[in-house]
Every structure is written in C-alpha cells, then in structure tokens.
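Structure assessment
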Amino acid sequence: MNATTSPVNQYFKALQLDETDSSLSQEILENCGVDIERCLECGKCSGGCSNTHIFDFTPRKIVQMIKIGDEKRLLHMDSLWCCVACHLCVDRCPSGIDIPRIMDYLREKAITKGIPATRPTVELFHNLMLDQVHKKGRVSELYLILNYNLKSRQYLKNAELGPQMFFKGKLNPIPARVKKMDQVRRLFRPKPGQKGEAR
Amino acid sequence: MNVAYFPGCSLHSMSREYDVSTRLVCQHLDINLREIEDWNCCGATAAHSVNHTLAVGLSARNLSIAEEMNLDKVTAVCAGCFSRLKAASHELRNNPHIKAEVEQMLKVTAPVKPEVEHLLQLLVEEIGLEAIREKVVKPLKGLRLAAYYGCLLTRPRQIAQFDDPEQPVSLDNLLKTLGAETVTWGHKAECCGGGYAASDTDIVLDLGGQVLKSARQAGAEAIVVACPMCQGNLDMRQKAMELDFRLPIIYFTQLIGLAFGYKSGQLGINKLFNSPMPLLKSKGLA
C-alpha cells in the first residue's frame, strides 16, 4: 500500500498553515501562564497519557498545534471531552508544560464560542453538576444522577446499582444547602452579553 | 492537633463510611478534626473543566473559612477535593490576577495561609508511622493488599508535593505498619477514569478495569484506596467490567480502624459493594 492509496489518518494529515494564526501561544502564555516554547518535543506527555488510545489528538500533537495556531481544530477536538485530567502529562514533562490547564482553557473557550461538545453527555453532566452548586452550593449525587438520566434520556442508566446503594444507605435523599449562598453565587460570572449570574 | 476538615459532597452521601472511619481514626490519634463551617462543593471535575475562575473561587471560599476558624492546616480525604484545594491555594499564592478576581467576587482577603494536606500525608508525615504502630492492637496479618494511589493524590508533583508520583510508597508503608503485606504492581498510580462514571462510563470500565486486572495479576486480595471517586469506580463497576473475579475495594481509614481494634460495623465495612467480610473473616480479622 503506498501513501496515496492508504486510508487517511487524521494524525498525519498535513496542516494547512495558511489557516493558522500564531498568536495562540501568546494567548496561552498570558491566560494560563504556560510557555509553550519550552516544549522539548520529547513526547513524554503522550507516552504517559492515560487516554491517548482514544484521543484524536495526543498531548504532544496539541502542543504543536498551539505553536502553529491551529485553533479551529483544537476547539473542535474530541480530546477536550475525554481527557481524564490525570495530570500524567504535566507531571512527566521536563519543561513542566501544564497541559491539563491548557485543555481546561481550550474547553472553556470552545464553550464560550458555542462550539458543541463532541461528547454531549459529558458537557451535560458538567452543567447539571454546576447547576446544583449554583442552587445549593453542594452536590447531591442522588439528584444529580436522576437529573442526568432524565436529561440525557437514558432512563435506566445505572439503575441496577440503585437498590444496592439504597439498602447500603449510600443515597442521601435530603440535599444539604450552603447558608451563605450569595457568596457562592457571585463566583458564577455572567456570560458575555448576559445580565446577572450565569455560566 | 487541630485540623480543618473538608469532607466534600461524596462523604455526606455515597461514601459515608469513609467519613465515619476517618473521624474514628483521627479521634483515636488525637487529631481534632474541625469541619469547615458551611463549606461548599469543590466543583471537581465540572468547575475546572469549564470555568477556571469558578474552580479557584469555590476552593478559595473553603480555605478562607478555615482561615477564619484560625486553622492553618486543612485536610481532605477525597483526592479530587484535595487536588482542587491545593491547586487553588497554589493559584492564590502565585497568580495575582486571579487572586484579585476571586477576592472581588468573594469579598474576602484571599486565604494564603492554610496548608492543604491529604489525610494520608497528614498521618504519614505529621503523626508518623511509629505513633500509628503503637496503637495497633490487631495486626492485619496475612492480608495481601494492592495500595492504590491513582492520579491526584501525588500529581502533579508541583502542586501535590507529596510522595513520589511515579512510584509512591506512603500507603504501602502505612499498610505494612498495620501488619499487612503489599504487592508490587504496575497500576498503583494509573487513572481509574475519574469523573466519567456517569457521563462516559466506557472510559471508567476501560481504565478502572485495567487497574483491577493488574492488582489481581499481582496477587492482591483487595485494593486499598484513599479517594471516594476511585472507590466508587473500582467497586461498583466490576460486574459491568465483565471480570471473572471480584476484588473488595477498601478505604485506608477502614483498615487503620480495624488494626486499632474497631469493629467492622463501626467502620462501615458492610457498606462496600464487594464485601471484604469473607476475606477478613478468613484471616481472623472480623
């Protein structure tokens, strides 16, 4: 099989430099305090990565894409939504490049731009959890799971665990509430163009 | 020793046995745990995934209450909460921009004084293994355990500043102090799948399944954990992982309690999904 007839592997697809913008590494430096130019290109981040076998772009590749400013693909990539934030990449990086922080930054930017998550259930779960924090300041696992199943239309997901959890007293039906909720709510900053507190 | 205690949401519902055993063991070691009054959720993992300022702010509020309570040490038993508290503390100390932002939102001076430690670190480094050994009345003789650290207890090293992130030993040493044997295995610091248990279960079945198989291969009779999320992922999903074996997943505080002479019922050992009782009974420990 030669290179022209083999199936296209996204990993090796040529990057279109004319579509890129080199200001992204500066943006990462200013917002995350991470100097991407320190990358030694050793690849230890991807070697250690817990989920590299399901990532569309590995940490090493992500760093390179930041360098050439390939923002569009970075904000649309599936890796944003299946990174387990295990921190192996940053821990093993000889230059201490904080890839989990970069992943969080890019995800936040994608959300702000209204780019849909490649794994909608993951984004839904984040939002439902933060809704609870916004309402009560704490998370009730029982109501979070029930609400998640309802909203993701997976009504019987994890239902087999329910009875055992109930009989072992692991489900607390009375949700706790923080008293000084005004303080907690002020942390939820408004979205651009929105009034009051929101995400 | 007075220590601010951050239990976190799981310890008030799904992982109550971890809370109960933590309090018993600390009381036994003269550690006065003072629960942070009116604490809020640390936000893991949703907050840091979608809103950095919110993530730092949520933990900053908890730290500021601890500071108000005049406590300069904060302990958490969930590796996720520990990591968020410690990362926030690091940000507040090193990032003036976010410090100012959080101060403005919370209307408090940013808490930079309290030191955050996971309970395991507190026990191993401050109380010390010798002091713990002195209290052991029922050594865990004959138990072959896999000490599981997971991700956030030791990583990233710049933040966690505890143990060795590649080859951690603190929990192994503690379990040996209690009289148990620990196995050498490859997955002690690998990820269990973290916060994806509900939202992308396949990730947990994959990563958690590898951890379980590795422990089994090394000959462990149970896995010992120091995080409610690791416990849930490894304990409750074994059927879905379609494994041909079952392994009990026990909190380290429960085992300390057993060695200190408490009954399994007092430590909530009956609340674990895959019961360790047959194993403990076979060694004369319950």
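Conventions we followed
- Residue positions are given per chain, counting from 1 as you read along its sequence in written order.
- In the order they appear in the text, chains get letters beginning with A and ligands get numbers beginning with 1.
- Local features are withheld for residues below a pLDDT of 70 in this predicted model, meaning they are given only at 70 or higher, and side-chain atom pairs are given and counted only at 80 or more; totals for whole chains, interfaces and linings count all residues.
- Only heavy atoms go into the side-chain values, all of them from the structure, while hydrogens and water stay out.
- Without a salt bridge and with relative accessible area above 30%, a residue can belong to a patch; like charges are then joined within 9 Å and nonpolar side chains (Val, Leu, Ile, Met, Phe, Trp, Tyr) within 5 Å.
- What sets the accessible areas is the Shrake-Rupley method with a 1.4 Å probe; for residues, cover comes only from the shown protein chains.
- Take a side-chain nitrogen of Lys or Arg and a carboxyl oxygen of Asp or Glu: if they are within 4 Å of each other, that pair is a salt bridge.
- Positive residues here are Lys and Arg, negative ones are Asp and Glu, while His and the chain termini are left out of the count.
- Each charge is placed at NZ for Lys, CZ for Arg, CG for Asp and CD for Glu.
- Where helices and strands are cited, they refer to DSSP runs of H or I of at least four residues and of E of at least two residues respectively, numbered from the N terminus.
- Each residue is placed in one exposure class: buried if its accessible area under a 1.4 Å probe, protein chains only, is under 20% of its type's maximum, exposed if it is over 50%, and partly exposed if it falls in between.
- Two residues qualify as a contact provided that any one of their heavy atoms is within 4.5 Å of a heavy atom in the partner residue.
- When two parts are brought into contact, each loses some accessible area as probed by a 1.4 Å sphere; the total of that loss over both is the buried area.
- Domains are outlined according to an automatic or database domain assignment.
- Think of it this way: a Phe, Tyr or Trp ring, Trp meaning its six-membered ring, pairs with another when their centres are within 6.5 Å, and the plane angle makes it stacked under 30 degrees, edge-to-face over 60, tilted otherwise.
- Comment: the charge-over-ring label is applied if NZ (Lys) or CZ (Arg) is within 6 Å of the ring centre and within 35 degrees of the ring normal.
- Criterion used throughout: strands pair if DSSP finds at least two bridges between them.
- Handedness of a crossover is defined as follows: orient the strands so they point away from the viewer, and if the path from the first strand over the helix to the second runs clockwise, the crossover is right-handed.

Take a positive patch on the surface next. Residue and element names in this part refer to chain A. Side chains of K135, K136, K151 and R177 sit close together on the surface and give a patch of like positive charge. In this structure, K135 sits in helix α7 (residues 120-136). With relative accessibility at 53%, the residue K135 sits in the exposed group.

The extent of an interface is frequently quoted as the accessible surface area lost upon association of the parts. Of the residues lining the interface, 57 residues belong to chain B; the matching set on chain A comes to 55 residues. If you sort the residues of chain B by the area they bury against chain A, V50, M105 and F273 of chain B come out on top, with a joint share of 12%. At the boundary of chain B with chain A, the tally comes to four salt bridges. One salt bridge connects D200 of chain B with R119 of chain A, and the closest N-O pair in it is separated by 2.6 Å.

On to the domain arrangement of chain A, then. Domain boundaries in chain A define domain 1 (16-112) and domain 2 (120-185). A straight line from the C-alpha centre of domain 1 of chain A to that of domain 2 of chain A covers 31 Å.

This brings us to the pattern of salt bridges. All names here are of chain A. Considering all chains together, one arrives at 24 salt bridges over all chains under this definition. Of the charged contacts, one joins E41 and R60 as a salt bridge, the two residues approaching to 3.8 Å between their closest N and O atoms. Here the residue E41 occupies a position in the loop between α1 (24-32) and α2 (44-48), and R60 occupies one in helix α3 (residues 59-67), the gap between them amounting to 19 residues. With a closest N to O distance of 2.8 Å, D78 and R119 form a salt bridge. You can see D78 sitting in the loop between α4 (71-76) and α5 (88-92) and its partner R119 sitting in the loop between α6 (99-112) and α7, a full 41 residues away along the chain. Each of E27, E71, K109 and K113 takes part in a single network of salt bridges with overlapping partners.

Applying the stated rule across the entire model yields six aromatic pairs over all chains. Residues F166 of chain A and F167 of chain A carry aromatic rings whose centres are separated by 5.4 Å and whose planes lie at 75 degrees to one another, so their mutual orientation is edge-to-face. Judged on exposure class, the residue F166 of chain A and its partner F167 of chain A are both exposed. Pairing Y18 of chain B with F252 of chain B gives two aromatic rings, centres 6.4 Å apart and planes at 75 degrees, and the pair type is edge-to-face. Within this pair, whereas Y18 of chain B is found in helix α1 (residues 16-28), its partner F252 of chain B is found in helix α12 (residues 252-259), the two being separated by 234 residues in sequence. The residues Y18 of chain B and F252 of chain B share a single accessibility class, namely buried. Put simply, the rings of Y18, Y251 and F252 of chain B touch in pairs and so form one group of aromatic residues. One Lys or Arg, R107 of chain A, reaches over the ring of W81 of chain A and ends 5.9 Å from the middle of that ring.

Residue and element names in this part refer to chain B. Within the fold, G219 resides in the loop between α10 (201-217) and β7 (222-225). Residues G219 and E130, 89 residues apart in the sequence, show an inter-C-alpha distance of 28 Å. Apart from the residues lying within four places of it in its own chain, the contact partners of G219 are R144 and V183.

For the rest of this paragraph, the subject is the pairing of strand β1 (residues 2-6) of chain B. Look at any regular strand and the pattern is simple: side chains alternate between the two faces of the sheet. Residue and element names in this part refer to chain B. Most of β1 is tucked away: four of the five residues are buried. Pairing of β1 with strand β2 (residues 32-35) involves four bridges; the strand directions are parallel. Residue pairing across strands places N2 opposite N32, the latter belonging to β2. In terms of handedness, the path from β1 via α1 over to β2 forms a crossover that is right-handed. Where β1 lies against strand β3 (residues 73-76), three bridges are found, and the strand directions are parallel. Residue pairing across strands places Y5 opposite T75, the latter belonging to β3.

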